[in-house]
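Given next are the chains, with one letter for each unit.
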Amino acid sequence: MSGGFAATAAALGLQVLQRDWLSANQTVFAACGDAPSTVVDTGHARHAEHTLALLEHALGGAALQQVLNTHLHSDHCGGNAALQARWRVQTRVPAASHAAVVQWDEDRLSYRPSGQHCPRFAVDGVLVPGSRVRLGPTDWQVLAAPGHDPDAILLFEPQSRTLIAGDALWQNRLAVIFPELVEASGFAETRATLELIERLAPRWVIPGHGEPFEDVAEALAGSRGRLSAFEADPRRHARHAARALLMFHLMELGAVDATELQRWIVQTPLFVAMARQLGANDLSRWALDLIEGLVGDGLVRRVGTRLQPMPSP
Ligand SMILES: [Zn+2]
């Protein structure tokens, strides 16, 4: 991370805890005046102990008072429950996701269709697009960012032009556009969100995964290029998504029996939907080919009858 970002982060009273592909990054704000100590996004449940330790260190022993989520994928809010157990925190989620959290609707929250795991957590308030939230010494704008997830929000600080992007913009990749996997619209929304980010003209982007970056024009161009290819051939998106979501599942489990993994794929609704979109009639065969593709590309290693994800670059 460059020295330029360190100065911006210090002025904004924030620290970025860079994580990996299973756990999203945390952006941590110390308490400042009326603004409570806050973490934006909490990583995956599997890493919750580590997330707690990192936060305790980042806050220098002070209590965490608030949790905000950019969206409710399991790698962004999987630590919420553990943080609520450790501290008396107020938890705020995107307004559009509020009812689903209150009811703990695992279909609407995507955990059942994606076969992902996220411990239930309580919610105290919402983040409303168009409003502001005080974090550290400054006000941040809350902006709607549909596409990857229909309910997602961005946080933008206009003085320093710093953007907490969640999964709406990464430096070198484009996140899976989930609505398109279930034949809902997501490509157009993704394009509109990239346009919004371009209009904001951020100087720094804190992505959900990867290090904070400055070359926003290049990241936008890369994302648009990938999006155009997916729009031209939605099956290409489905193939990419199937591989990405299977890698995520392997990272969740660490290692899994190959036969069990094949069974899991054919029973997981999002994978069934992707197979349908790809015109695969024999679901078991498709599942096997999907696994073999990852093994063949060196992303997954076979150890006896078990499969292990290789460390990601
Ligand atoms: Zn996400």
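Anything mentioned here points back to the structure above.
The present account deals with the structure reproduced in this document. (Residues numbered from 1 in each chain as written. Predicted model: local features only at pLDDT ≥ 70, side-chain atom pairs only at ≥ 80, totals over all residues. Heavy atoms only, no water.)

1. Quick look at the packing of helix α12 (residues 269-277) against helix α13 (residues 283-296)
What counts here: Interaxial angle, 0 to 180 degrees, is taken between N-to-C directions of lines fitted to C-alpha atoms, where a helix line uses only the stretch in contact. Runs of H or I in DSSP of at least four residues are treated as helices and runs of E of at least two as strands, each being numbered from the N terminus. For classification, angles of less than 35 degrees are called roughly parallel, those exceeding 145 degrees roughly antiparallel, those between 65 and 115 degrees roughly perpendicular, and all remaining angles oblique. Any two residues whose heavy atoms approach within 4.5 Å at even a single point are treated as in contact. Just so you know the grouping, Ala, Val, Leu, Ile, Met, Phe, Trp, Tyr, Cys and Pro go in nonpolar, Asp, Glu, Lys and Arg go in charged, and all remaining residues, Gly too, go in polar.
The interhelical angle for the contact between α12 and α13, taken along N-to-C directions, is 100 degrees, at an axis separation of 11 Å. One element, α12, and the other, α13, form an angle in the roughly perpendicular class. Residues F271, V272, M274 and A275 of α12 pack against L283, W286 and L290 of α13. The residue inventory of the contact of α12 with α13, partitioned by class, reads seven nonpolar, no polar and no charged.

2. Some remarks on the environment of L154
Stated precisely, the cut-off is as follows: Burial status follows relative accessibility: with a 1.4 Å probe on protein chains alone, a residue under 20% of its type maximum counts as buried, one over 50% as exposed, and anything between as partly exposed.
Checked against the element boundaries, L154 lands in strand β9 (residues 153-157). The exposure class of L154 is buried, given its relative accessible area of 0%. Along the chain, L154 and L22 lie 132 residues apart, while their C-alpha atoms are 20 Å from each other. Beyond its immediate chain neighbours, meaning those up to four positions away, L154 contacts Q141, V142, L143, A145, L163, I164, A165, A168, L196, I197 and L200.

3. A closer look at the coordination of the zinc ion
As a reminder, the rule being used: Only N, O and S atoms count as donors, using a 2.8 Å cut-off from the metal and 3.2 Å for Na, K and Ca, and because water is excluded some sites may appear unfinished.
Within the protein, the atoms that donate to the zinc ion are H71 (NE2), H73 (ND1), H148 (NE2) and D167 (OD), at distances of 2.1 to 2.3 Å. Counting gaps between the donor residues of the zinc ion yields the pattern H-x1-H-x74-H-x18-D. With H148 in the loop between β8 (138-144) and β9 and D167 in the loop between β10 (162-166) and α7 (178-181), this residue pair connects regions lying 19 residues apart in the sequence. Of the two residues examined, H148 and D167, each falls in the buried class.

4. Brief notes about α13
Condition: In this scheme, a helix's expected span is set at 1.5 Å multiplied by one less than its residue total. The arc refers to the directions leading from the helix axis to the C-beta atoms. Under this definition, polar contacts are N or O atom pairs within 3.5 Å; protein pairs additionally need one hydrogen-donor-capable and one acceptor-capable atom, and for neighbouring residues in sequence, both atoms have to be side-chain atoms.
The first and last C-alpha atoms of α13 sit 20 Å apart over 14 residues, in line with the 20 Å expected at 1.5 Å per residue. Looking only at α13, the buried set comprises W286, A287, L290, I291 and L294. Projected down its long axis, α13 shows its buried positions confined to an angular sector of 135 degrees, all on one face. Turning to α13, the residues buried within the fold contact α10 (234-253), α11 (258-267), α12, β13 (300-303) and β14 (306-309). Residue D282 occupies the N-cap position of α13, its side-chain oxygen lying 3.3 Å from the main-chain nitrogen of S284. At the C-terminal side of α13, G298 shows a positive phi close to 75 degrees.

5. Remarks on the pattern of salt bridges
Inclusion rule: Note on definitions: salt bridges are taken to be side-chain nitrogens of Lys or Arg within 4 Å of carboxyl oxygens of Asp or Glu.
As enumerated under the stated definition, the model contains twelve salt bridges in all. Close ionic contact of R224 with E198 constitutes a salt bridge, the shortest N to O distance being 3.0 Å. Of the two residues, R224 is situated in helix α9 (residues 216-232) and E198 in helix α8 (residues 187-200); the sequence distance between them amounts to 26 residues. D233 is paired through a salt bridge with R239; the nearest N and O atoms lie 3.9 Å apart.

6. Quick word on the environment of G136
Tracing the backbone through its elements, the reader meets G136 in the loop between β7 (132-135) and β8. We classify G136 as buried; its relative accessible area is 1%. Considered as a pair, G136 and G13 are 123 residues apart in the sequence and their alpha carbons are 5.4 Å apart. Look past the residues within four positions of G136 in its chain and what remains in contact with it is L12, F29, A30, C32 and A35.

7. A word on the sheet that holds β9
Here is the rule: Strands are labelled as partners when DSSP assigns at least two bridges between them.
Ordered by their spatial adjacency, five strands build an open sheet running β7-β8-β9-β10-β11, and the pairing between neighbours is mixed. The open sheet has two edge strands with one neighbour each: β7 and β11 (204-207). The average angle at which neighbouring strand axes cross in this sheet is 25 degrees, direction not considered.

8. Focus on the packing of aromatic side chains
The condition that has to hold: Between 30 and 60 degrees the pair is tilted, below 30 it is stacked and above 60 it is edge-to-face, where a pair is any two Phe, Tyr or Trp rings, Trp via its six-membered ring, whose centres lie within 6.5 Å.
As enumerated under the stated definition, the model contains six aromatic pairs in all. A ring pair is formed by F29 and W140, whose centres lie 5.5 Å apart and whose planes are at 80 degrees; its orientation type is edge-to-face. With F29 in strand β2 (residues 26-29) and W140 in strand β8, the pair connects residues that are 111 residues apart, well separated along the chain. Judged by centre distance (5.3 Å) and plane angle (80 degrees), the ring pair of W104 and F121 falls under edge-to-face. Residue W104 is located in the loop between α5 (98-103) and α6 (111-114), and its partner F121 is located in the loop between α6 and β6 (125-127); the two are separated by 17 residues in the primary sequence. According to the relative accessible area criterion, F121 is buried, its value standing at 5%.

9. Things to note about the sheet that holds β14
Pairing is antiparallel across the open sheet formed by three strands, whose spatial order is β12-β14-β13. Sheet topology places β12 (256-257) and β13 at the edges, where each strand pairs with a single neighbour. Sheet topology note: the β12/β14 ladder contains two bridges and is antiparallel. The residue bridging D257 from the neighbouring strand is R306, located in β14. Where α13 meets the sheet, it contacts β13 and β14, and its direction lies at approximately 100 degrees from that of β13.

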